[in-house]
Amino acid sequence: MQTDKIRNFCIIAHIDHGKSTLADRMLEYTGTITDRKMQEQVLDKMDLERERGITIKAQAVTIEHQGYELNLIDTPGHVDFAYEVSRSLAACEGALLVIDAAQGVEAQTMANIYLALEHDLEIIPVINKIDLPSANPQRVKEQLLDIGIDPDEAILASAKEGTNIDQILEAIIKRIPEPYNGINQPLKALIFDTLYDSYQGVIAYVRVMEGSVKKGDKILLMSNQKSYEVDEVGFFDPAMQKKNELSSGEVGYIISGIKDVRNCRVGDTITLKNNPAEKALPGYQKVQPMVFSGLYPTDNADYEILKEALEKLQLNDASFTFEPETSEALGFGFRCGFLGLLHMEVIQERLEREYDLDLVITAPSVEYQIIKKNGEELKIENPAAFPDQSEVDKIKEPFVTAEIHLPEEYVGQAMELCQDNRGEFKDMQYIDQDRVTLKYEMPLSEIITEFFNQLKSKTRGYATLDYELEGYKESNLVKLDILVNKDVVDALSIIVHDEDSYQRGNALVRRLKEVIPRHMFKVPIQASVGGKIIARVNIPAVRKDVLQKCYGGDVSRKRKLLEKQKEGKKRMKQVGSVEIPQEAFMTVLERNENA
Amino acid sequence: MPDLKFKNANALYIHLPFCSSKCPYCDFYSVKYTKQRVDLYWAALFMELKELTQKVNNDLLQTIYLGGGTPSLVEPFFIGELIKKIKSSFRVIPAAEITMEINPASITEEKITALKRAGINRLSVGIQSFNDQHLNFLGRRSRGENNKRILTLVDQYFDSYSADLIFALPEQSLEEFESDLAEMLKFNPPHISLYNLEIHENTPFYQRYNQGELKLPTEELDAEMYELALEKLKTAGYQHYEISNFARRGYRARHNYIYWLYQPYLALGPGAAAFDGNCRSQNLADLNLYLSYYNPKNLTFAEFMDNEGSKNSELERRTMKNSKTKATKIRELNCLSRKEKMAEYSFLALRTAKGLFYHKFYRQFKVDFKPLYKEEIAELKEYNLIKEGNERIYLTDRGKEVANKVFLKFLLD
């Protein structure tokens, strides 16, 4: 296809502003999808994505319209996947900015506009949901003017009713620049996502920036210099369709017998072995997991199943890591690395849902660098593995620069929250009259606890958070141990700032008192730092637990109640003689504000 | 539809699902009382009774229990007819215990004597409390003074009766409960049932509880009240013969004892549950369904009795056909696995003061209890929740308080 007949674009929107519906309508309008029975929101494939209303994996589809090839790339939408998003945007020349006519411009809209501008994308504003009685397109236009976008360029649409889809398609053709024509140069194809297929191996989603690629070509991955022979190239309609060649400006896929997704990473450049490009495309990073937590089967017999499940998930997700780990309290499990909390939740949910596993999950941790007094350096991402405090000279932890976009009225609360989480104020800038960007330097460990949720709740959902790893810095950190019935439960240990240790220790033992059920005997719960007890509560022995009334009609019901109780006990982890429910292991990351 | 086959049933329960108002804590099935409903119901009940006679074999009833609902709303005439009918349909021992529940709000001296004449020989009186505030909270229509008056009357006419008391109410103090208990003991009733307030699903209290409106007493206070009752009742000469039941010598509830001994029992009426030793069946808790099934022609009781005279009446043919083709589902049948039966047997037996006898368990299941639960027995003994006697185990007072923890140990995977 001639590059002047190609347009590559993405859709950016605040959650619920109608991104997926608009994509569906364009597919229908252009006849890309004729099957009316298609599931709503074709592009979000996983159940999980559909339920949460988020996109986790990028998707692509080629739309044919009036002799043009329009390539839509759907991007993931969460801070954990910021890098993946940036690679998707790098594959486009333009973006549809979808704004809800009733809700107007929202915080996330701003963040998205910045991203799009950073990648030099042509922005086409679409004011969606004009069919709503509460729609106020005029107000949205004023807001657009405020943020420096020409409101006259905006297209009024209703994706739900299919209004003005034709205008949007026309704008894509007319306003978005055609891709650069580098057909005569060596191949440079940008990988913006990958998918693993058990028959075909890794499927690389690519945008060809320069040159061309066809079946039989010997390709080279520029970051690791590995080479493969191309089995198949093609495009998405949205199913995979074979094609002879992918050339400069086009979007599609390359299958080349890569067996390990880790050898084919998002952001890498594919070139030809015999005619390689001089330089890779800019922006490639080898994504490193930043958040770690232990995953243990509740039933130790499920260890092998968990291992297989993790292996399968990793086939599709190079950013997720795992290695075996043993806990005194929890037995055999795995220490897993994730991009962020959402990534962690998504993986955990898939394990429980798709593999029917019952898991105990330890609180997330970051990777610490420890310099011991004897000069030895350690990297530790499991608090339980921390060396004795007396041997430690210095501890360093990862810091990030956090950027928070939010309406001005919430600045006070957000700043307070940042300070409570050891944030150091760096900068504050007004985006417009009432929108602000706050910049803080913060320990990553603070961000991966409840920070994001609290930020959301304190700003009624308006704040968005982006963060970027800054580097390691020394901190005054200590290991906080929890003793249940006098025994240290290694899986409950956390690393905290020395100044917070009393407060965290107290909050934690009280929280554990709420979640650990009463036993036949009194169970003391203690928090200790360096062997010194700093907080203590007792869970009193059970005093009364009896179904008082039991006659002819009650017997079955009472038995079922008992069976239910027993089932509940099974889901707990037996640590010594104490039964600890799964949620206890996650409570360590909750900050009890009332404590 | 498969059905129960009763052999050697000793007990019959009859549910009378009528109340003038529904107490917000109660999850027993009931509908609003009207004379007409009872009239139609009686015809249906007689039909079910007739059907039941064909399912029993070698029955010898030792107890009959009329529960509710509020049986005392029903006119004693109907009660008398029913007891006559039962006695002519089943073999009933001469000294059978025939109990009926009564509500102090819907009973009079006249009714009490009429019930006695009708054949009732034991009353279970729903006192619940003598404290007007608590009675009001529980949705009871009787008040403290009336409760005392009724107890006096019951005591005057009935040798055997039971009185219910509820404790562990929201905001109830230990002293308030103590005075309820003291008031009760003034009457020295032959039998007392004692229940802590339980919050059941599908009751108004459940909703209020979930919305945080009802604050139940702490486990500690609940336990203190129970311990107080144990002490006071023991001093007053009562035997604590089951977790919730206390009796003077010779006045145990024989009917309920049959449940705890895991023996078969028959049942009649919507919502009522029967057990044949292997399966349990429960009539669906739906009076309209019950009436349309057993009294499709809407006959009054008098009309039914007229009809009854003519052999193979139309009604009977229809009803019998109805129940044979089983076009309508009238009850749930649930047959128990061996493990389920073993669990039920264990926790029912352990509810009684005598506890679980190893040889009886063996007779029932052909497996030795003691080796089967060796570790559990040792652990429970260590926590002083059970004691081992001569070839049996039984709950300690502490064990009675946390009986669920004990029962859990005897559920098999």
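Conventions we followed
Residues numbered from 1 in each chain as written. Chains lettered and ligands numbered in written order. Predicted model: local features only at pLDDT ≥ 70, side-chain atom pairs only at ≥ 80, totals over all residues. Helix = DSSP H or I, 4+ residues; strand = E, 2+ residues; numbered from the N terminus. Rg over C-alpha atoms; globule rule 2.2 N^0.38 Å. Buried ≥ 20, exposed ≤ 12 C-beta atoms within 10 Å, placed from the backbone. Contact = placed C-beta atoms within 7 Å. Core = buried A, V, L, I, M, F, W, Y, C linked by C-beta atoms within 7 Å. Arc of directions from axis to C-beta. Nonpolar A, V, L, I, M, F, W, Y, C, P; charged D, E, K, R; others polar. Axes fitted to C-alpha atoms, helices over the stretch in contact; angles between N-to-C directions. Left-handed = near helix turned anticlockwise from the far one by under 90°. Pairing = 2+ DSSP bridges.

Peer 1: In this structure, what is going on with the overall build of chain B? I would like to understand it.
Peer 2: Across its full length, chain B carries 18 helices and 19 strands. The C-alpha radius of gyration of chain B comes to 22 Å, within 12% of the 22 Å expected for a compact globule of 413 residues. For chain B, with 413 residues in total, the buried portion stands at 44%. Sequence-distant contacts, at least 24 apart, represent 73% of the contacts inside chain B between residues at least 6 apart.

Peer 1: Explanation requested: the nonpolar core in the structure shown.
Peer 2: In summary, soluble globular proteins display a tendency toward joint burial of nonpolar side chains. One finds Ile 11, Ala 95, Leu 97, Ala 204 and Val 206 of chain A to be the most contacted residues of the largest nonpolar core, which totals 155 residues. With 118 residues, the next largest nonpolar core counts Leu 82, Leu 135, Leu 287 and Val 402 of chain B among its residues.

Peer 1: Any chance you could explain helix H10 (residues 287-294) of chain B here in plain terms?
Peer 2: Owing to its 3.6 residues per turn, the α-helix aligns residues three or four sequence positions apart on the same side. Every buried residue of H10 of chain B is listed here: Leu 287, Tyr 290, Tyr 293 and Tyr 294 of chain B. Projection of H10 of chain B onto a plane perpendicular to its axis shows the buried side chains occupying an angular sector of 130°, all on one side.

Peer 1: Help me understand the interface of chain B and chain A, please; the structure alone is not making it clear to me.
Peer 2: Taken together, the contacts link 34 residues of chain B with 20 residues of chain A. Residue assignment for the side of chain B that touches chain A shows that the elements contributing at least two residues are strand S10 (191-196), helix H8 (219-235), helix H9 (254-260), strand S14 (273-275), helix H13 (338-351), helix H17 (397-401) and helix H18 (403-409) of chain B. Of the residues belonging to the side of chain B that touches chain A, the class tally is 18 nonpolar, five polar and 11 charged.

Peer 1: Hey, could you run me through the packing of helix H1 (residues 35-53) of chain B against H10 of chain B in this one?
Peer 2: The description of two packed helices rests on the angle between their axes and on the distance between the axes. Residue and element names in this part refer to chain B. Taken N-terminus to C-terminus, the directions of H1 and H10 make an angle of 65°; their axes are 9 Å apart at the nearest point. In this structure, H1 crosses over H10, and the sense of that crossing is left-handed. Residue-level contacts link Leu 40, Tyr 41, Ala 44, Met 47 and Glu 48 of H1 to Tyr 290, Leu 291 and Tyr 294 of H10. The class makeup of the residues in the contact of H1 with H10 is seven nonpolar, no polar and one charged.

Peer 1: Would you take a moment to explain helix H5 (residues 137-146) of chain A for this structure?
Peer 2: Residue and element names in this part refer to chain A. Taken together, the buried positions of H5 are Val 140, Lys 141 and Leu 144. End-on, the buried residues of H5 take up no more than an arc of 105°, which puts them together on one face. Of the exposed residues in H5, the ones pointing more than 90 degrees away from its buried face are Gln 138 and Leu 145. Where H5 is buried, its residues contact strand S4 (94-100) and strand S5 (122-128).

Peer 1: Could you clarify how one ought to interpret the environment of Gly 67 of chain B in this entry?
Peer 2: All names here are of chain B. If you trace the backbone, Gly 67 turns up in strand S6 (residues 61-68). For the pair Gly 67 and Ile 102, spaced 35 residues apart in the sequence, the C-alpha separation amounts to 8.6 Å. In this view, Gly 67 contacts Tyr 13, His 15 and Glu 101; residues no more than four positions away in its chain are not counted.

Peer 1: In this structure, what is going on with unusual backbone geometry? I would like to understand it.
Peer 2: Glycine aside, negative phi is the norm for most residues, and most peptide bonds take the trans geometry. Of note, the bond from Asp 237 of chain A into Pro 238 of chain A is cis; its omega dihedral lies within 30 degrees of zero at 0°. By secondary structure assignment, the location of Pro 238 of chain A is in the loop between strand S12 (232-236) and strand S13 (240-243). With a phi angle near 60°, Ala 168 of chain B is a residue other than glycine that sits in the positive phi range.

Peer 1: Looking at this structure, I do not really get the sheet that holds strand S19 (residues 392-395) of chain B. What am I missing?
Peer 2: Strand pairing in a sheet takes place through backbone hydrogen bonds and is either antiparallel or parallel in direction. Spatial ordering of the open sheet is given by S17-S19-S18 (chain B), a layout of three strands whose pairing is antiparallel. Edge positions in the sheet fall to strand S17 (356-357) and strand S18 (386-389) of chain B, since each of these pairs with one other strand and no more.

Peer 1: What is the right way to read the sheet that holds S5 of chain A from this model?
Peer 2: Residues and elements named next belong to chain A. Taken in spatial order, the six strands of this open sheet run S2-S3-S1-S4-S5-S6, and their pairing is mixed. Two strands close off the open sheet at either side, each with one partner strand: strand S2 (59-65) and strand S6 (155-156). Strand direction decides the pairing type here: strand S1 (residues 6-13) and strand S3 (residues 68-74), joined by five bridges, are parallel. The partner of Ile 6 across the bridge, within S3, is Glu 69.

Peer 1: Before we go on, may I ask you to explain the pairing of S4 of chain A in this structure?
Peer 2: Walk down a regular strand and you will see the side chains alternate between the two sheet faces. Residue and element names in this part refer to chain A. Extensive coverage of S4 is indicated by the burial of seven of its seven residues. Across the two faces of S4 the burial is the same, with Gly 94, Leu 96, Val 98 and Asp 100 and Ala 95, Leu 97 and Ile 99 all buried. Bridge count between S1 and S4: five bridges; the pairing is parallel. Pairing of Cys 10 across the sheet is with Ala 95, part of S4.

Peer 1: Teacher, can you tell me more about the environment of Gly 271 of chain B here?
Peer 2: Residue and element names in this part refer to chain B. Relative to the helices and strands, Gly 271 resides in the loop between strand S13 (265-268) and S14. We classify Gly 271 as buried; it has 21 C-beta atoms within 10 Å. In this structure, the C-alpha to C-alpha distance between Gly 271 and Asp 286, residues 15 residues apart in sequence, is 7.4 Å.

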